[in-house]
Amino acid sequence: MPASLIAGGSQRADNLSTETSTYFDLTSNATLHQLPFELAGRWQVVWGQLVDPGDFGQHYIGDYFELPQRWNQLEHPALDGPYGVATFRAQIALPEAQKNLSLHLISPHSAWRLYANETLLGENGQPSSKRESFAANYVSRVFTLPPKTTELVLQVANFSHAYGGPGHPITVWNSEELDQTLRALTVYYTAALGILLAIGLFHSIIYLADRHHREQGSSHLWFGLLCFVMVVRIANVVPHFHLLYPDAAYWSTLMLSYATLAIAPGIYLLFFRAIFTEYFPKHGTWLLIISSFLLAVIALLLPEHIYTKTRNIAILLNIMSIIYSIVCTLRALLAKQRGATAVLVANALFFGTALSDALLYTDQSYGFDLTPFGFLLLGMGYSYALLQRLRATFEQARDTSYALEKLNLQLEAQVKERTHAFKAAAARAENVAKERIQFIAAASHDLRQPLHALSMFNAAIKRRNQDAKLEGIIDKQANSIQSLGNLLQDTLDTAQLEVGNQSPKASKFAVQEMLGNILNEFKIRLDQHAIQLKLDCEAGVLVTDYAMAQRIIRNLIDNAVKAASKQVTVVAMQNDGNWQFTIRDDGMGIANADIERIFEPYSTIEQNELAVGYGLGLYVVSEFTRALNGKVSVKSTLGEGSEFQVSLPSLTVNPTGTNRLDSRADTEKVKHQGVEVLAIDDDPQVIDALQSLLEEWGCQVSVAKDLQQAKCIGIKAPQLLLVDYHLLGQDGVEAIRQLREHFGKEIPAAVVTGATEAATLQRIKEHELPILTKPVKPVELARLITKLAPQ
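Here is what the cut-offs are and how they apply
Residues numbered from 1 in each chain as written. Predicted model: local features only at pLDDT ≥ 70, side-chain atom pairs only at ≥ 80, totals over all residues. Heavy atoms only, no water. Helix = DSSP H or I, 4+ residues; strand = E, 2+ residues; numbered from the N terminus. Buried < 20%, exposed > 50% of the residue type's maximum accessible area, 1.4 Å probe, protein only. Contact = heavy atoms within 4.5 Å. Pairing = 2+ DSSP bridges. Axes fitted to C-alpha atoms, helices over the stretch in contact; angles between N-to-C directions. Patch = residues over 30% accessible without salt bridge, like charges linked within 9 Å, V, L, I, M, F, W, Y side chains within 5 Å. Areas by Shrake-Rupley, 256 points an atom, 1.4 Å probe, with all protein chains shown as cover. Salt bridge = Lys/Arg side-chain N within 4 Å of Asp/Glu carboxyl O. pLDDT = per-residue confidence, 0-100. Core = buried A, V, L, I, M, F, W, Y, C linked by side-chain atoms within 4.5 Å. Parallel < 35°, antiparallel > 145°, perpendicular 65-115°, else oblique. Left-handed = near helix turned anticlockwise from the far one by under 90°. Nonpolar A, V, L, I, M, F, W, Y, C, P; charged D, E, K, R; others polar. Phe/Tyr/Trp six-rings, centres within 6.5 Å; stacked < 30°, edge-to-face > 60°.

Each helix and strand in the protein chain was counted, giving 24 helices and 28 strands. Going through the 791 residues of the protein chain one by one, you find that 50% of them count as buried. Contacts in the protein chain between residues far apart in sequence, at least 24 positions, make up 74% of those at least 6 positions apart.

Here is the structure:
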């Protein structure tokens, strides 16, 4: 509900001159130096009528009423509880040399008129003695007090608010001081509003990025929503919102004010349940949350004269929720939970401001509205607490990374040890296929255990990680794990091949994508050994078993990297319907005697005085190539290097197979080569993203932050204008008009906007401009360019 803007620090009129008239004397210098002056005291009153000032004496029968005071506790026959009308009058004496004085009115609920010397100063809503012609309005107003004013008459009507009547005194101010005070409050409140809005948006973004996190995700959601509720609450008390737009329809109802007042404790406690679940009793917490949401539903669905009766209940629920959260947070603090100290301090400070405002809203005191400052303290304290918890998550991820690194080293040692044991056992069992297969199965089972644990650790740290820099390290660790898995898979593939249990499953995939994925696995090794890799690949697709084809090429590149001195070359091209892959190295080469046996299982050769591989890689290459109806060959010269060639045909796609073409293929087909686009937006991130996308599509893009910069870029007339509607100093429609005039031609153009107001959209349509609604989908942008840009 709109609270008092300024109602404190003023002098009270506590002495009336006579028992038969109401008189406020402002003629003394002492009084003028003590402004603001509250016109609080006994006013003459005519109940049940809205009397014109000139007729007040005819209707007045001697009744007085102490202002300020609500009507809900009166038992007057002219009123129906808090509902009805009344006219108040008071005499006032101003100094002859009157300074510029103003009257400040905190809105009497819920419609009124104010007269000075029988002249109307202003009104709020539509005061009427009849309910059907009455219209409420809830804003505070400022009026200049005319010189030589001797009489004030206030007409008040209320048929909607359960706490109707003048709850705050009319206050006399020095006009300049009042203006300065209202401006200062507007600046302070608007700053608090902006900060909370930014905090809410920040945590909403974090929630979208981390919403699947079991502990952190929901806390950011509820805190972001709480910030947005607080923004609405603060907007209701910004003075210049009242003064600049006093007749706006928004002020004719208190529905949104009461709904946010009611729902705030519920969202507030849901946030606490998310961060300190164990320390907030389930039943008590949910009782308060459900009560909060029920009050909000009442405010949204029931008439004003009903939901305003819940004012004191909603305020009490807010105070109880704060006390409850302080007690439960204290338990979390004693348990040394991260962020509990910051939350507790913020809650304690917020409780002080909430208690002050509760007294203000229930007419028990007068003073400044501390709601914005309390909300700001709360938002900053909670943000600090959430950042502490994010820091804890990062530290946990870092520790897990260290443990993963240690486990990785242990696994490498274990793999090496077991591989040597495997080679010895395999050599002894060379002529007994079943015994060899059984051994491989047993060894691979043992190796899978630590490999599985390592994979789970990596998955855990990737899920918890919030640091983009750490993301790259985690992905590299995943590649290392994959390499270890490849070695293990070679052993399993060998066993499967020898029992004839390996059959291809055809699918369609892009060859460039497959080679890119494989080569990414070798980047670190290539850098470590200063080996240059050259890739020459045609664009196209291959229909075959993706896993088998990938294993063939990976094993050949792995051998080439081991043997190479300075360079490895990979070539992929189509030839007579087949794909031919060539892998060359500049190593020591292979002797002719060894070429005969390199594709046999467990056969190794010596290069650079080291054994290359374990004798399984090329065996898998040979058998997989045969299974895919392909061919493999090798050419080698001692001292110059080796060249392996694999030819793979396309197979018939298995109906149950998977199409492995990149899901981005549709967007990659978008081409607008050479289209000259001028884009204007005053948001750097938006314009950078738009420029990147358009350039990716082949457009020639020029960007500007405003119309002036666009005119100064010095380019020729573009083929297309993409202009944001809300530009600093003017709108996008006007910018397009001026740019067309500047370039001397009707350039095709579109307006980009996030606005939903009917007036804004109608203005754009009146100028026959296409509209791209933010967030713009790339496919919609592509269609628009295709439609508007010259062919």
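Don't stop here, the text continues.
A separate point is the sheet that holds strand β14 (residues 532–537). Pairing between sheet strands relies on hydrogen bonds along the backbone, with the strands arranged either parallel or antiparallel. Spatially, five strands are ordered β14-β16-β17-β21-β20 in an open sheet, and the strand pairing comes out mixed. Taken across any chain shown, the strands that pair with only one partner, and hence form the sheet edges, are β14 and β20 (631–637). Adjacent strand axes in the sheet meet at a mean angle of 10 degrees when their direction is disregarded. With eight bridges connecting them, strand β17 (residues 578–585) and strand β21 (residues 641–649) associate as antiparallel partners. The residue bridging Q580 from the neighbouring strand is S647, located in β21. Contacts from helix α16 (residues 546–563) reach β16 (567–575), β17 and β21, with the element oriented near 15 degrees to β17.

Moving on: a nonpolar patch on the surface. A grouping of M255, V297, L300, L301, L302 and I306 is seen on the molecular surface, where their side chains present a nonpolar patch of about 510 Å² in accessible area. The element best represented in the nonpolar patch is helix α7 (residues 282–301), accounting for three residues. For L302, the location among the structural elements is in the loop between α7 and α8 (304–307). In this structure L302 comes out as partly exposed when scored by relative accessible area, which is 38%.

The pLDDT averaged across the protein chain works out to 79; a share of 78% of its residues lies at or above 70. In this model, residues 608–612 is a region of pLDDT below 50 whose contacts with residues beyond four sequence positions or in other chains number nine contacts.

This part covers the nonpolar core. With 53 residues, the main nonpolar core has I234, Y268, F272, F276 and Y382 as its most contacted residues. For this core, the secondary-structure elements that each account for two or more residues are α3 (175–210), α4 (217–235), α6 (255–275), α7, α9 (311–334), α10 (340–361) and α11 (371–428). The biggest single contributor to this core is α6, with ten residues. Beyond its immediate chain neighbours, meaning those up to four positions away, Y268 contacts L226, S321, I322, S325, N347, L378 and Y382. M514, Y546, L618 and V620 belong to the second largest nonpolar core, which has 40 residues in total.

On to the packing of α6 against α7, then. Two elements in contact, α6 and α7, have axes whose closest approach is 8 Å; the angle formed by their N-to-C orientations is 160 degrees. Judged by the inter-axis angle, α6 sits roughly antiparallel to α7. Once α6 is placed against α7, the crossing between them reads as left-handed. Of the residues in α7, those in contact with M255, Y258, A259, A262, I263, A264, P265, G266, I267, L269, L270 and R273 of α6 are K282, T285, W286, L288, I289, S292, F293, L295, A296, A299 and L300. A per-class count over the contact of α6 with α7 returns 18 nonpolar, three polar and two charged.

Applying the stated criterion across every chain yields a total of 18 aromatic pairs. Ring centres of Y60 and Y64 lie 6.2 Å apart, and the angle between their planes is 90 degrees; this geometry places the pair in the edge-to-face category. With a relative accessible area of 18%, Y60 lands in the buried category. By relative accessible area, which is 21% here, Y64 ends up partly exposed.

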